[in-house]
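Structural overview for review
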Amino acid sequence: MNQNRLVTVALTALAPVSWGSTYFVTTQFLPADRPLFTGMMRALPAGLALLALTRRLPRGDWWWKAVVLGALNIGAFFPLLFLSAYRLPGGMAAVIGSVGPLWVAGLAAVFLGEKPTLRTLLTGIAAALGVSLVVLKAAGAFDAIGVIAALGSSASMSAGTVFTKRWGRPEGVGPLVLTGWQLTAGGLLIAPVAFFVEGAPPALDGRNLAGYVYLALVNTAVAYWLWFRGIGRMTATSVTFLGPLSPLTAAVIGWAALGQALAPVQVLGMAIAFGATLAGQTAPKGPGRSKSLQSFSSAEDSNVKLSMDVTSHPVRR
């Protein structure tokens, strides 16, 4: 790996590392039991900030396409993600989310004619196994709503990824602009549901505001900019396999900042997941490899969900 590529990989890796801090910020800085409001606050301010920065709005049929993609990738995904993270014990949502890239690969084979290589599938399975060892501890009571929410969020993101790839982007529009459209549309779709289900916004103190500012700007806007920069310079498969860095980061933060113990099996899982990440950077190109998973959707599905469920209990203060 030459120096330029090493720098590109390192900068791109900062995105999933940032997403790995989501659980810590949610539990330590944000109001408890407000998953819809939290999803809205993460998406809408970041989307509006990107719109202000890029100064581009959709035109023609891209108005409805942006709404559809925003609904799949953000509007449905974020609420289902946070709901599953609040309700499922033992990192179960993280395990379900860790197979997200495999779901995308399957849908892409059907709708886009892209056939994943055997090495890609095996590396994806190894990454999911490693993540499972890190986050999946003793199971608690079965929660049907949590499982359905986790499956729904993964399916929503998988469909969003495929249609993002199928539709591409308007001429002259970069990924940062398209991300701003989707985050804004998704945040606007979440807002009325959040107010209807959860009521008026909670009273926020300085600590809460700091948490939301971090999630919206650093954890979303800046992290996605780094992610898209990497997609533009690396193969999409190589970028996708940086995903395991998110739950690994969450586990390290839990150990360092929250005093959570790391059992030997979790350390083994971290080694396997990290090995899959490295393998994903050295895998040779194959048919369809350069086009697969070129969307922020797959990144979010395989990263944020994992970081939210890294501990053995549901997210709460």
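Refer to the structure presented above.
Described below are features of the structure shown in this document. This one's a predicted model, so the numbers in the text were calculated from it and none came from an experiment. (Residues numbered from 1 in each chain as written. Predicted model: local features only at pLDDT ≥ 70, side-chain atom pairs only at ≥ 80, totals over all residues. Heavy atoms only, no water.)

**Points about the pattern of salt bridges**
What counts, and what does not: Only one rule defines a salt bridge in this text: a Lys or Arg side-chain nitrogen within 4 Å of an Asp or Glu carboxyl oxygen. Only protein chains enter the accessibility calculation, which uses a 1.4 Å probe; a residue whose area is less than 20% of its type maximum is buried, one above 50% is exposed, and one in between is partly exposed.
Tallied over the entire structure, the rule returns two salt bridges. For Lys-65, the salt bridge is made with Asp-61, and the minimal N-O distance between the two is 3.7 Å. Overall, the relative accessible area of 13% leaves Lys-65 in the buried class. Given the relative accessible area of 40%, Asp-61 is considered partly exposed.

**Considerations on the environment of Leu-51**
The following threshold applies: What counts as a helix is a DSSP run of H or I of at least four residues, what counts as a strand is a run of E of at least two, and both are numbered from the N terminus. Throughout, a contact is declared for two residues whenever any of their heavy atoms are within 4.5 Å.
Locating Leu-51 in the fold gives a position in helix 3 (residues 35–54). With 132 residues separating them along the chain, Leu-51 and Leu-183 place their C-alpha atoms 9.5 Å apart. Leaving out residues up to four positions away in the same chain, Leu-51 has contacts with Arg-56, Leu-57, Gly-180, Trp-181 and Thr-184.

**Focus: the layout of surface pockets**
Our working rule: Definitions used throughout: a 1 Å grid over protein atoms alone; a cavity as a set of points that fits a 1.4 Å probe which cannot get out; a pocket as an open set with protein on both sides within 12 Å along at least five of seven lines; a lining residue as one with an atom within 4 Å of a point. Grid points are joined across faces, edges and corners, and a volume is the space filled by probe spheres set on the points.
Approximately 180 Å³ is the volume found for the second largest pocket. If you go around the second largest pocket, the residues you meet are Leu-51, Leu-57, Pro-58, Trp-63, Ala-66, Val-67, Trp-181, Thr-184, Ala-185, Leu-188 and Leu-189. Those elements giving two or more residues to the lining of the second largest pocket turn out to be helix 4 (62–75) and helix 10 (175–198).

**Details of the environment of Leu-204**
Take Leu-204: it is sitting in the loop between helix 10 and helix 11 (206–233). Residue class for Leu-204 comes out partly exposed when judged on its relative accessible area of 29%. Expressed as a C-alpha distance, the spacing of Leu-204 and Leu-30, which sit 174 residues apart in the sequence, is 8.6 Å. Dropping the residues within four chain positions of it, Leu-204 is found in contact with Pro-31, Phe-37, Leu-209 and Tyr-212.

**Digging into the packing of aromatic side chains**
Applicable threshold: Side-chain rings of Phe, Tyr and Trp (the six-membered ring for Trp) are treated as a pair once their centres are within 6.5 Å; stacked means planes under 30 degrees apart, edge-to-face means over 60, and tilted covers the remaining angles. Only when the NZ of Lys or the CZ of Arg is both within 6 Å of the ring centre and within 35 degrees of the ring normal is a charge said to sit over the ring.
One pass over the structure, following the stated rule, counts five aromatic pairs. Plain terms: the ring middles of Trp-62 and Trp-181 are 6.2 Å apart, the flat faces sit at 50° to each other, and that makes the pair tilted. A residue pair is termed long-range when its members are at least 10 positions apart, and Trp-62 in helix 4 and Trp-181 in helix 10 qualify at 119 residues. A ring pair is formed by Trp-64 and Trp-167, whose centres lie 5.4 Å apart and whose planes are at 80°; its orientation type is edge-to-face. Residue Trp-64 is found in helix 4, and its partner Trp-167 is found in helix 9 (residues 144–167); the two are separated by 103 residues along the sequence. Classification of Trp-64 by relative accessible area gives partly exposed; the value is 46%. Exposure remark for Trp-167: the relative accessible area of 23% places this residue in the partly exposed category. Here a set of aromatic residues connected by ring pairs shows up, and it is made of Trp-64, Phe-163 and Trp-167. For the cation-ring pair, Arg-34 lies above Phe-37, with the distance from its terminal atom to the ring centre recorded as 5.9 Å. The residue whose ring lies beneath Arg-207 is Phe-29, and the NZ or CZ to ring-centre distance is 4.2 Å.

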